[in-house]
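Take a look at the letters that make up each chain.
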2 protein chains.
Amino acid sequence: MLFGTLEAGGTKMVLSVGNEHNELLEQASIPTEAPGKTIPEMISWFREKGIAALGIGTFGPVDLNPASPTYGWITRTPKPGWTDTPLLPPMRDALGVPALIDTDVNAAALAEWQLGAAKGLKSCLYVTVGTGIGAGLVIEGRLVHGLVHPELGHMLLRQEPDDPAPDGFCPYHRGCLEGLAAGPAIEKRWGKKGYELPAGHKAWELEAAYLAQMCMNAVCAFSPEKIILGGGVMQQKHLFPRIRKRTQELLNGYIQHRAILEGIDDYIVEPGLGTRSGATGALLLARQAAR
Amino acid sequence: MLFGTLEAGGTKMVLSVGNEHNELLEQASIPTEAPGKTIPEMISWFREKGIAALGIGTFGPVDLNPASPTYGWITRTPKPGWTDTPLLPPMRDALGVPALIDTDVNAAALAEWQLGAAKGLKSCLYVTVGTGIGAGLVIEGRLVHGLVHPELGHMLLRQEPDDPAPDGFCPYHRGCLEGLAAGPAIEKRWGKKGYELPAGHKAWELEAAYLAQMCMNAVCAFSPEKIILGGGVMQQKHLFPRIRKRTQELLNGYIQHRAILEGIDDYIVEPGLGTRSGATGALLLARQAAR
């Protein structure tokens, strides 16, 4: 049986067909333009694939309440043309298959929890650090939605004393996590893109400091059993040991658990599924929709 | 059928007997001294009550993993004599009844969710602001434990620019939420206890600012459907409208949900069970232990 997956991003839409063994068989990418152009293109790509269901992991904010008349709509986004736009309904209706939607990061968290770095645990936090910062969350064996869905990237952080741009760059909150540590913040602060900065650049100690604050606050807020960091910025692998060390320093022995005191290399980790977390999660959503 | 409840606090132990209608029938309070003195006193109080099970809501950190050999032990605490001390095991064994333990704040969250301000919802955050700041959390219909349990009071916050003591007073983390906004921080910063400061004192705008940061970060971290604020400091009822307004200002329209945009008076609220949340939660734990 075949399933369709969509990773809806602000820059591109990644479409896949996968099977019941959680294998991704075929993939395509379409630039994210106006909904009136991009949504029909995606429908058209899926139409001849014979999929039994569709799973969508999307950028947000998105309405995830199945009882809401706007379930599966993008609600409010800086992405031009996409505010208050139905995403799931037109695709589900045109393709005539059941469909489920979640945030892109919840999809990735679901996949990492069922098949990846958090397999066998009851909770995990998946964070992507890239153009934005978003997080998906599994707690007590359930994907977390709540009132809306987590928006961890907009958590407020303490300004680091050696930050040359401590006010931050988020258009809504200035110095929230995303405004201080997402890719565009790195670029605006240092005048270069992250991948242009050498590993020894002071940008990275600062980046690690903010991401460690995030890890500490996550540990304090909901005590995840694993923290998984993905996304473009985390391709700077040298960040991992710095974030781990700094998180330990910040927690300062308060949380008495060997996962943090002794096993932090295995607590703050890379995605077990590499770059396939999101698509695999969308596939798991599609399989769930088919049941 | 009768059940025993214990609210274990750093200052006093509150013992109750309740029934299957969630009514608390009889209560006693014992000062928290050395475990070797206080635990036998509590056992002695319960011994003739004919309880069928015991529920404990305790200060922490506490080991809540039922599979752990130290389940029901206080692990590490500034409270002298209580570090690495079994609390549940000696009481359960001496009384010969099944027993369950959770944090005091998880017990309160459980009660508020099943019977109080969050009844009928799938998630809520219960925060107590007093000598310390602690939080209990229900998400997707489950009490959250995770790696350890939430320690929301130790989340790092942004220093408010008009704070005369922005470094904070937490012995572990200095300027975490507890170090900036718990009762002792108010007293150290202003030289008076909170209840001695008039409602017009600038202490309260600052207090509301930090608690609003906490609310914002909770909304961003796990999107609770209700935030319930209890504890001694929240007896200053004038804090509620200030915290609500400031939370809205901080979120700045980013979270598009009418609970926050229009219904915040019903989103950040007082405990529905007044000061009985903790004991009622311990009673619910005892009833669960009996099943």
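We now turn to the structure provided with this report. The numbers attached to residues start from 1 for each chain and follow its sequence in the written order. Chain letters start at A and ligand numbers start at 1, both assigned in the order the entries are written. Residues qualify for local features only when their pLDDT is at least 70, as the model is predicted, and side-chain atom pairs are given and counted only at 80 or more; totals for whole chains, interfaces and linings, by contrast, use all residues. For side-chain calculations, the full set of non-hydrogen atoms in the structure is used, while hydrogens and water are omitted.

Brief notes about the pattern of salt bridges
Residue and element names in this part refer to chain A.
Reasoning step 1: Here a salt bridge means any side-chain nitrogen of Lys or Arg lying within 4 Å of a carboxyl oxygen belonging to Asp or Glu. Under the definition given, this model contains 24 salt bridges over all chains.
Reasoning step 2: A salt bridge links Glu33 to Lys37, with the shortest nitrogen-to-oxygen separation between them at 3.4 Å.
Reasoning step 3: You can call Glu33 partly exposed: its relative accessible area is 35%.
Reasoning step 4: Beyond isolated ion pairs, a larger network of salt bridges with shared partners links Glu33, Lys37 and Glu41. Buried means the residue's accessible area, taken with a 1.4 Å probe over protein chains only, is under 20% of the maximum for its type, while exposed means over 50%, and partly exposed covers the values in between.

Thoughts on empty space enclosed by the protein
To find leftover empty space, one rolls a probe the size of a water molecule over the atoms.
Reasoning step 1: Cavities and pockets are found on a 1 Å grid laid over the protein atoms alone: a cavity is a set of points where a 1.4 Å probe fits but cannot escape, a pocket is an open set with protein on both sides within 12 Å along at least five of seven lines, and a lining residue has an atom within 4 Å of such a point. Grid points are joined across faces, edges and corners, and a volume is the space filled by probe spheres set on the points. Counted by the stated rule, this structure contains 1 cavity of 30 Å³ or more.
Reasoning step 2: Reported here for the largest cavity is a volume of approximately 30 Å³.
Reasoning step 3: Every residue lining the largest cavity is listed: Pro61, Thr75, Val148, His149 and Glu151 of chain A together with Tyr254, Ile255 and Gln256 of chain B.
Reasoning step 4: Across the lining of the largest cavity, the residue classes tally to 4 nonpolar, 3 polar and 1 charged. Just so you know the grouping, Ala, Val, Leu, Ile, Met, Phe, Trp, Tyr, Cys and Pro go in nonpolar, Asp, Glu, Lys and Arg go in charged, and all remaining residues, Gly too, go in polar.

Some thoughts on the nonpolar core
The tendency in soluble globular proteins is for nonpolar side chains to be buried as a group.
Reasoning step 1: In terms of nonpolar packing, the biggest core is built from 109 residues, with Phe222 and Ile243 of chain A together with Phe222 and Ile243 of chain B touching the most fellow members.
Reasoning step 2: In what follows, residue pairs with any heavy atoms lying within 4.5 Å of each other are defined as contacts. Beyond its immediate sequence surroundings of up to four residues, Phe222 of chain A is in contact with Leu125, Leu137 and Ile139 of chain A together with Leu137, Val144, His145, Pro150, Ala221 and Phe222 of chain B. Put simply, a nonpolar core is a bunch of buried Ala, Val, Leu, Ile, Met, Phe, Trp, Tyr and Cys residues held in one set by side-chain atoms that sit within 4.5 Å of each other.

Let's talk about helix 1 (residues 35-47) of chain A
Residue and element names in this part refer to chain A.
Reasoning step 1: Relative to the 18 Å expected for 13 residues at 1.5 Å per residue, helix 1 spans 18 Å between its end C-alpha atoms, a close match to the ideal helical length.
Reasoning step 2: Only DSSP runs of H or I reaching four residues or more are called helices, and only runs of E reaching two or more are called strands; each is numbered from the N terminus. Those residues of helix 1 that sit buried are Pro35, Thr38, Ile39, Met42, Ile43, Trp45 and Phe46. On an axial view of helix 1, the arc spanned by its buried residues comes to 160°, and they lie on one face.
Reasoning step 3: Buried residues in helix 1 make contact with strand 1 (2-8), strand 2 (12-19), strand 3 (24-31), strand 4 (54-58), strand 6 (85-86) and helix 2 (88-95). By this rule the span expected of a helix is its residue count minus one, scaled by 1.5 Å. This arc is taken over the directions from the axis of the helix to the C-beta atoms.

Quick notes on the environment of Gly231 of chain A
Residues and elements named next belong to chain A.
Reasoning step 1: Relative to the assigned elements, Gly231 resides in the loop between strand 11 (227-230) and helix 7 (239-251).
Reasoning step 2: With relative accessibility at 21%, the residue Gly231 sits in the partly exposed group.
Reasoning step 3: For the pair formed by Gly231 and Val105, sequence separation is 126 residues and the distance between their alpha carbons is 10 Å.
Reasoning step 4: Residue contacts for Gly231: discarding those within four places in its chain leaves Thr128 and Val129.

Let's talk about the relation of the copies chain B and chain A
Reasoning step 1: The transformation that overlays chain B on chain A combines an axial shift of 0.0 Å with a rotation of 180°, and the residual RMSD is 0.0 Å. Taken together, these values place the two copies in the relation of a two-fold axis. The rotation axis passes nearest to the C-alpha of Arg158 of chain B in chain B, at a distance of 1.9 Å. Least squares is used to superpose the copies, and the fit set is the C-alpha atoms of residues whose pLDDT is at least 70 in both copies.

What to know about the side chain of Ser277 of chain A
Residue and element names in this part refer to chain A.
Reasoning step 1: Note that Ser277 resides in helix 9 (residues 277-290).
Reasoning step 2: Whenever two N or O atoms come within 3.5 Å, that pair is a polar contact, provided that in protein one can donate a hydrogen and the other can accept it, and provided that, for residues adjacent in sequence, both atoms are side-chain atoms. Among the polar contacts made by the side chain of Ser277, one reaches the side chain of Glu112 at a distance of 2.7 Å.
Reasoning step 3: Engagement of the side chain of Ser277 in a polar contact is seen with the backbone oxygen of Gly274, the distance being 3.4 Å.
Reasoning step 4: What Ser277 contacts, discounting residues up to four positions off in sequence, is Ala107, Ala108, Ala111, Glu112, Tyr126 and Pro271.

Points about the interface of chain B and chain A
Reasoning step 1: Counting residues at the interface gives 47 residues for chain B, matched by 47 residues for chain A.
Reasoning step 2: Values labelled buried area give the accessible surface lost by two parts on being combined, using a 1.4 Å probe and summing over both. Across the chain B/chain A interface, buried area totals approximately 4,400 Å², and carbon plus sulfur atoms make up 61% of it.
Reasoning step 3: Linking chain B with chain A are 29 residue pairs in polar contact (both at pLDDT 80 or more).
Reasoning step 4: Every element with two or more residues in the side of chain B that touches chain A is listed here: strand 9 (133-139), strand 10 (142-143), helix 6 (202-222), helix 7 (239-251) and helix 8 (258-261) of chain B.
Reasoning step 5: Here the element with the most residues in the side of chain B that touches chain A is helix 6 of chain B; it accounts for 6 residues.
Reasoning step 6: In the side of chain B that touches chain A, the residues fall into 27 nonpolar, 14 polar and 6 charged.

Section: the sheet that holds strand 1 of chain A
All names here are of chain A.
Reasoning step 1: Pairing between strands requires that DSSP locate at least two bridges from one strand to the other. Here 5 strands make up an open sheet; going across it, the order is 3-2-1-4-7 and the pairing mixed. The strands lining the two open edges of the sheet, one partner per strand, are strand 3 and strand 7 (99-103). Neighbour-to-neighbour, the strand axes of the sheet open up by a mean angle of 15°, direction not taken into account.
Reasoning step 2: Note that strand 2 and strand 3 share 7 bridges and pair antiparallel. In the strand pairing of strand 3, Met13 is matched with Ile30.
Reasoning step 3: Angular values range over 0 to 180 degrees, each being the angle between N-to-C directions of two axes fitted as lines to C-alpha atoms, with helices fitted over their stretch in contact. In this fold helix 9 packs onto strand 1, strand 2, strand 3, strand 4 and strand 7, with an angle of close to 130° to the strand it touches most, strand 1.

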